[in-house]
Amino acid sequence: MLDRPHPTPSAPSNDPFALAKALSGFHFIGGGYVPARSGRSFAVVNPATGQQVAQAAEGDAADVDAAVRNAAEAQKEWAKLPARKRGALVHQCAALLKDHAEELARLIALETGKALRTESRVEAGVVADIFEFFGGLGSELKGESVPFAPNVLSVTVREPLGVVGAIIPWNVPMLLMALKVAPALVAGNSVVVKSAEEAPLAVLRVCELMNRVLPPGVFNMLSGFGPECGAPLVEHPLVRKLTFTGSVETGKIVAKAAAEKLIPVTLELGGKSPMIVFADCDFDKTVSGALTSMRFTRQGQSCTAASRIYVERPIFDRFVQAMKTAVDAMVMGDPLDEKTDIGTIISTGQFEKVQSFIEEGKATAGATAHVCSAMPKDQALKKGLFLQPVIFTGLDSKSRLVREEIFGPVTVIQPFDEPEAVLAEANDSEYGLAASLWTNNLKVGLDLAHRLEAGLVQINQNLVVQANLSYGGVKSSGLGKEASLEAMLEHFTHKKTIMVNMA
Ligand code: ADP
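These lines cover the structure that appears in this document, whether it is placed above or below. (Residues numbered from 1 in each chain as written. Predicted model: local features only at pLDDT ≥ 70, side-chain atom pairs only at ≥ 80, totals over all residues. Heavy atoms only, no water.)

Take the sheet that holds strand 15 (residues 410-416) next. With mixed pairing, the 7 strands of this open sheet are ordered in space as 13-14-15-12-11-17-18. Whereas interior strands pair on both sides, the edge strands pair on one side only; in this sheet they are strand 13 (368-371) and strand 18 (456-459). Here the average twist between neighbouring strands, direction ignored, is 20°. Note that strand 12 (residues 308-312) and strand 15 share 5 bridges and pair parallel. (Pairing = 2+ DSSP bridges. Helix = DSSP H or I, 4+ residues; strand = E, 2+ residues; numbered from the N terminus. Axes fitted to C-alpha atoms, helices over the stretch in contact; angles between N-to-C directions.)

Okay, structure coming up:
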C-alpha cells in the first residue's frame, strides 16, 4: 500500500475546505486511495455558495470490478475471524469516528448544505453510535439447535453472504451508509459502497478512517453516477447481496438486478409520512414535535419528513399559526455558522423540483402558502440554494403535494373531524414508511397505531433513526429492515442447517 497516494491528514482536521481538496479524485479500494481508472472526475459543489470544493473520482465498470474483486478476496479471511473479533474491530472504528466527529460534521455540512449545529453534528454522532452498537453484536450471530431425532444433532449456523453492494443517497449519507456497512461487516461480509454523486466526500473519509483498523479490501468506497457506476455494481456477478436507499424508481432497477441474479435485496425507498394531531395533545410539545417531524432543519430532505399533517379541527387554526411562528423563528444561513438552523437544498435539480411543487401549490384554487423564515442576507451566500419553508393550507388529498414525495421544506396541513376518516386519509398513499400520532388518549392512539400502514409509528414523539429499532417501510417505501439486531441476522446472513447422524 505504501506506493499509493495518501493525501489526507491522520489527525482530525477542522478545515473542511482543505479536507475536501485532499479527498479529491479518489475512490478507496483494497485498503488505499486510487483514482478512477478512466482518469475522469466530476465537480463537488458547496450548495451554500455554488463554488466547487472538490473533484470526485468518476467511477465506471472497471473501477467497480477492481473494488468487487478486492472485496471478494478480502472477505474469505474476514469471514474466518471469530465474530466477536470482527465486532471488536468495528467497535474500534466507532472510537476513531468519535475522535473525528467534528471533522466529519464540518465536511458533511460543506458538501450537503446541512446546518452544522442542528443536523451535521447530529449525523456524525449517530454514525459513531451505529458502529458502536453493531460492534457489540458479534456474539449474537447465533444459530439454533433443532429437536429432530434422539441420535441426530441438528443445528443451524449463521453464515455471511459474501460481497455486499451498497448504494446510498445524499441526504444523510454517512448515517445511511453506517446502517448498511456496520451490520454487513460484523456478520462477516465485505462491502463495496457507491456514494451519491452529490455527497461523496464525508463517506470517503469515513472509509479511509475505518481502513486504518480493518483489513484491506473489506470496506471499499466508489464515487460516480448511477447508470455508469451504480448499475455495474448491482449487476456484478461476485456481488451476492444488494442494499439500497434512494428513490422508488431506482429501487425497482436494483430489485430487478437482484431478481436477475437471484440474490437478496434490502430497499429503503421514499415516504409521505403522516403526522396526526388530536385536539387533546400537549399543544406546545406537539408544535415543536412538528418542526422535528418535518425535518425543517434538514430542509425537509428526509423520507420520514411529516409532509402531511392532519390536525383535529378545534385546534387547526391555532396549530397552523403556532407552527408558522415557530418556523419563522428559525435562522436560515451559512451551514457552517453556529447560529444557523436551516441550511440549503442539496442541488440545483432538487431546488427546481421543490420549487415546482411550491408553484403548483400556490396556483391551486383555495390554497394558502404560508412562507416562513427569512432568506439569508449575507452577499457571499447569494448564489446558495436557500429555499424558505412553506406550510400549505387549503389543499386536499387530490393534490400532488399531498400524494407525492417533495423532499423539500414543504408541508401540507389539513383539518380532520373523525379518527376513522383521518386513518383512511393517512393510509391512502402508495408509501408506508413512518407515521406519528399526537394525543393524550392512548386508547385511540394505540388503536390507530395498529391500523396505520407504516413501518414505524411513534406516539407523542418523532425521533430520527435509532440503533436497535428496526427501521424500514411497507408498500412502495421498501423491503426489509435496517438498524437492528434482526436486520443484521435477516439481511446480512443466511441460515445453514447442519445435521449429524450419530446413530
Ligand atoms: P435521488 O433522486 O434521491 O438522487 P436516486 O435513487 O436517483 O435518488 O439515487 C440514489 C442512489 O442511487 C445514488 O447513489 C445514485 O447514484 C444511485 N443510482 C441512480 N441510478 C442508478 C442505477 N440505474 N443503478 C444503480 N444505482 C443508481
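Looking at the largest pocket, its volume works out to about 930 Å³. Lining the largest pocket are 37 residues; nearest its centre among them are Trp170, Phe244, Gly246, Ser247 and Thr250. Contributions of two or more residues to the lining of the largest pocket are made by helix 8 (226-235), strand 9 (239-245), helix 9 (248-261) and helix 12 (348-362). Grouping the constituent residues of the lining of the largest pocket by class yields 18 nonpolar, 10 polar and 9 charged. In this structure, the second largest pocket occupies an estimated 360 Å³ of space. Lining the second largest pocket are 26 residues; nearest its centre among them are Glu119, Arg295, Arg298, Val464 and Val465. When contributions to the lining of the second largest pocket are tallied by element, the ones reaching two or more residues are helix 5 (116-135), helix 6 (173-186), helix 10 (283-293) and strand 18. Counted by class, the lining of the second largest pocket contains 13 nonpolar, 8 polar and 5 charged residues. Lining the lining of the second largest pocket are residues from two domains, each supplying at least three of them: domain 1 (16-270 + 477-497) and domain 2 (274-466). (1 Å grid on protein atoms, 1.4 Å probe; cavity = no way out; pocket = protein on both sides within 12 Å on 5 of 7 lines; lining within 4 Å. Points joined across faces, edges and corners; volume = space filled by probe spheres on them. Nonpolar A, V, L, I, M, F, W, Y, C, P; charged D, E, K, R; others polar. Domains from an automatic or database assignment.)

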